[in-house]
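# Working through the structure, step by step
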Amino acid sequence: MARRDEILETAAELFAARGFHGVSVADIGAACGISGPALYKHFPSKDAVLAEMLVEISERLLQVGTERSAAAPDATAALAALVEWHVDFALRHRPLIVVQDRDWESLPDSARERVRTLQREYVDLWANRLREAHDGLRTDSARAMAHATFGLINSTPHSGLLPDARMRELLSRMAGAALGIS
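Quick caveat, the model's predicted, so the values are computed rather than measured.

## Re the overall build of the protein chain
- Across its full length, the protein chain carries 10 helices and zero strands.
- The helix and strand sequence of the protein chain, counted from the amino end, reads α-α-α-α-α-α-α-α-α-α.
- In summary, the protein chain has a C-alpha radius of gyration of 18 Å against a globular reference of 16 Å for 182 residues, a match within 12%.
- By principal-axis analysis of the C-alpha atoms, the protein chain measures approximately 55 × 35 × 25 Å.
- A total of 182 residues make up the protein chain; the buried ones form 45% of that total.
- Partitioning the intrachain contacts of the protein chain with sequence separation of at least 6 by distance along the chain shows that 66% fall at a separation of at least 24.

Quick look at the structure:
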């Protein structure tokens, strides 16, 4: 793992455990085995760590979601692929979900706007496929369905009471039922 990626992953775990304001640059450095000042070789500030963390994951969600949706033979298969991708993400990145939810207000304005834009595009990806799968479904209803499904899947930091394999199956089944595709 590249040092920059290690810093982002470690910071996500620390921010999730103690909150953005409860973690110092020295804490992140120590957890990565470097000095706090050495962290500045990779990021100009702790704010920049948070910004890159949340922008990067939003970009990845949209990119992979778009690829999986495009590769699917129809809307129902695309929605199943999107569910599979989002469940996999949620199970592998629980700390990022906590950070996104709890430390949103600490995100610098420009990064917050970029994340919002990416998230709207991701919601629209799901909503467009939902409208294809459910003839006559209104756009606002499709967006609401996507958001509700994200809430279900993104509950993993709080609902992960089962081993990941069982949680993956449960979340996928529940999300498919919520979307009307299973």
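Next comes the rest of the write-up.
## Details of the packing of helix 7 (residues 109-133) against helix 8 (residues 139-153)
- At a minimum axis distance of 8 Å, the contact between helix 7 and helix 8 shows a crossing angle of 120°. Classified by the angle their axes make, helix 7 and helix 8 are oblique. As helix 7 packs across helix 8, the resulting crossing turns out to be right-handed. Note on element contacts: helix 8 touches helix 7 through Thr 139, Ala 142, Arg 143, Met 145, Ala 146, His 147, Thr 149 and Phe 150, opposite Tyr 122, Val 123, Asp 124, Trp 126, Ala 127, Leu 130 and Arg 131.

## Looking at the layout of surface pockets
- Empty space within the largest pocket amounts to approximately 400 Å³.
- What lines the largest pocket is a set of 18 residues, and nearest its centre among them are Leu 61, His 86, Gln 100, Gln 119 and Asn 154.
- Of all elements in the fold, only helix 4 (46-71), helix 5 (75-92), helix 6 (94-102), helix 7 and helix 8 reach the threshold of two or more residues within the lining of the largest pocket.
- Classifying every residue of the lining of the largest pocket by side-chain character gives 10 nonpolar, seven polar and one charged.
- Its volume calculated, the second largest pocket comes out at about 280 Å³.
- Looking at the lining of the second largest pocket element by element, the count peaks at five residues for helix 1 (residues 3-18).
- Classifying every residue of the lining of the second largest pocket by side-chain character gives five nonpolar, one polar and six charged.

## Quick word on the packing of aromatic side chains
- Counted under the stated rule, the structure contains five aromatic pairs.
- With a centroid separation of 6.4 Å and 50° between ring planes, the pair formed by Trp 85 and Phe 89 is classed as tilted. You can see Trp 85 and its partner Phe 89 sitting in helix 5, four residues apart, about one turn around the helix. You'll find Trp 85 and Phe 89 in the same group, each marked buried.
- With 6.0 Å between their ring centres and 70° between their planes, Tyr 122 and Trp 126 make a pair best called edge-to-face. Placement of both Tyr 122 and Trp 126 in helix 7 is noted, with a separation of four residues, approximately one turn of the helix.

## Observations concerning the environment of Leu 50
- Looking at the secondary structure, you find Leu 50 in helix 4.
- In this structure, the C-alpha to C-alpha distance between Leu 50 and Ala 78, residues 28 residues apart in sequence, is 31 Å.

Conventions and cut-offs
Residues numbered from 1 in each chain as written. Predicted model: local features only at pLDDT ≥ 70, side-chain atom pairs only at ≥ 80, totals over all residues. Heavy atoms only, no water. Helix = DSSP H or I, 4+ residues; strand = E, 2+ residues; numbered from the N terminus. Rg over C-alpha atoms; globule rule 2.2 N^0.38 Å. Buried < 20%, exposed > 50% of the residue type's maximum accessible area, 1.4 Å probe, protein only. Contact = heavy atoms within 4.5 Å. Axes fitted to C-alpha atoms, helices over the stretch in contact; angles between N-to-C directions. Parallel < 35°, antiparallel > 145°, perpendicular 65-115°, else oblique. Left-handed = near helix turned anticlockwise from the far one by under 90°. 1 Å grid on protein atoms, 1.4 Å probe; cavity = no way out; pocket = protein on both sides within 12 Å on 5 of 7 lines; lining within 4 Å. Points joined across faces, edges and corners; volume = space filled by probe spheres on them. Nonpolar A, V, L, I, M, F, W, Y, C, P; charged D, E, K, R; others polar. Phe/Tyr/Trp six-rings, centres within 6.5 Å; stacked < 30°, edge-to-face > 60°.

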